Amino acid sequence: MDFLTTAYTSLRDKLRNRVRTMIPDATAADDVLQEAFYKLWAKKYEPMSLKEAEALLARSVRNQSIDTIRVTRQKVPIQGNELQTFPQFEKKEQLRIVEAIIDRELTDTQRYIIRRKEYEGMDIQTVAAELGMEEAAVRVQLSRARKKIREIYNREEKW
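A quick note: this is a predicted structure, and the numbers were derived from the prediction, not measured. Residue indices begin from 1 for each chain and proceed along its sequence in written order. Totals for whole chains, interfaces and linings use all residues, but because this is a predicted model, local features are given only for residues with pLDDT of at least 70 and pairs of side-chain atoms are given and counted only at 80 or more. To obtain the side-chain values, all non-hydrogen atoms of the structure were used and water was disregarded.

Peer 1: I would appreciate a short explanation of the packing of helix α5 (residues 108-119) against helix α6 (residues 124-131) in the present structure.
Peer 2: When two helices pack together, their arrangement is given by the angle between their axes and by how far apart the axes lie. For helices, the axis comes from a line fit to the C-alpha atoms of the stretch in contact; other axes are also lines fit to C-alpha atoms, and the angle between any two N-to-C directions lies between 0 and 180 degrees. Every helix listed is a DSSP run of H or I at least four residues long, and every strand listed is a run of E at least two residues long, numbered separately from the N terminus. Viewed as axis vectors pointing N to C, α5 and α6 meet at an angle of 145°, and their least axial separation amounts to 10 Å. In terms of crossing hand, the pair formed by α5 and α6 is right-handed. Contact residues: Thr109, Tyr112, Ile113, Arg116 and Lys117 in α5; Ile124, Val127, Glu130 and Leu131 in α6. Residues belonging to the contact of α5 with α6 are distributed by class as follows: five nonpolar, one polar and three charged. For a crossing to be left-handed, the near helix must be turned anticlockwise from the far one by less than a right angle; the clockwise case is right-handed. By definition in these notes, contact holds between two residues if any of their heavy atoms fall within 4.5 Å. Residues are sorted three ways: Asp, Glu, Lys and Arg are charged, Ala, Val, Leu, Ile, Met, Phe, Trp, Tyr, Cys and Pro are nonpolar, and all the rest, Gly among them, are polar.

Peer 1: What should I look at first to understand the packing of aromatic side chains in this one?
Peer 2: The relative placement of two aromatic rings is captured by the distance of their centres and the angle of their planes. Pairs were defined over the aromatic rings of Phe, Tyr and Trp, the Trp ring being its six-membered one, requiring ring centres within 6.5 Å. Orientation was assigned from the angle between planes: stacked under 30 degrees, edge-to-face over 60, tilted for the rest. Scanning the model with the defined rule gives zero aromatic pairs in all. Note on geometry: a ring has a charge over it if NZ (lysine) or CZ (arginine) is within 6 Å of the ring centre and within 35 degrees of the ring normal. Across from the ring centre of Tyr119, 5.7 Å away, lies the NZ or CZ of Arg115, which sits over that ring.

Peer 1: Please clarify how the side chain of Ser60 should be interpreted in this entry.
Peer 2: As for its position among the elements, Ser60 is in helix α3 (residues 50-74). Other than its neighbours up to four places away in sequence, Ser60 contacts Ala36 and Leu40.

Peer 1: How do you make sense of the pattern of salt bridges when you look at a structure like this?
Peer 2: Here, a salt bridge means any side-chain nitrogen of Lys or Arg that lies within 4 Å of a carboxyl oxygen of Asp or Glu. Evaluation of the coordinates by the stated rule reveals nine salt bridges. In this structure, the salt-bridge partner of Arg116 is Glu120, at a minimum N-O distance of 2.4 Å. Burial classes follow relative accessibility: with a 1.4 Å probe on protein chains only, a residue under 20% of its type's maximum area counts as buried, one over 50% as exposed, and anything between as partly exposed. Glu120 gets classed as partly exposed once you look at its relative accessible area, which sits at 48%. In this structure, Glu118 engages Arg146 in a salt bridge whose closest nitrogen and oxygen atoms are separated by 2.2 Å. Of the two residues, Glu118 is situated in helix α5 and Arg146 in helix α7 (residues 135-157); the sequence distance between them amounts to 28 residues. Note on Glu118: relative accessible area 40%, which makes it partly exposed. Through salt bridges with shared partners, a single ionic network connects Asp13, Arg16 and Asp30.

Peer 1: Would you mind showing me how to read the nonpolar core here?
Peer 2: Generally speaking, nonpolar side chains in soluble globular proteins are found buried as a group. Membership of the largest hydrophobic core comes to 17 residues, with the highest contact counts inside it found for Tyr8, Leu15, Val19, Ile23, Leu33, Leu57 and Val61. Residue assignment for this core shows that the elements contributing at least two residues are α1 (3-22), α2 (26-42) and α3. Element by element, the count of residues in this core is highest for α2, at seven residues. Counting residues in each nonpolar core, the second largest holds 15 residues, with Ile97, Ala128, Ile149 and Tyr153 among its members. For our purposes a nonpolar core is just a set of buried Ala, Val, Leu, Ile, Met, Phe, Trp, Tyr and Cys residues, chained together by side-chain atoms within 4.5 Å.

So yeah, pure geometry; function would need other evidence.
As structure tokens, then:
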């Protein structure tokens, strides 16, 4: 029995509604469904049960929806004199805000740990050795720094 095709035909409307919550355009939503099903079908993987096929299909449709949204955001049409938002500029602005938060809100130790770990890619052991701290203490400071950055960033985003 072809569980994948059976799952697709029985869940099509439900999956379409789920996609429409992320992608309002009906045609694009149908394209996402078809593309997700085709990718699974082309792999020639045969699920062992209807439940497995449904789960596989749901995950594939979700991932395909996210991929479609990402591609759409990269292709922003410019029409007339409208002001458009470009994701690459939004990312730079987000990074600028995070760096400002790091500079003004974190302790010197937290700032050092964030810069060494996140920007330079050092491991916890090396950072701990440089600071003369226990690895656990460095992890705690890193966690607190990340939490503070998140909280302040989210608070500033609401403005």
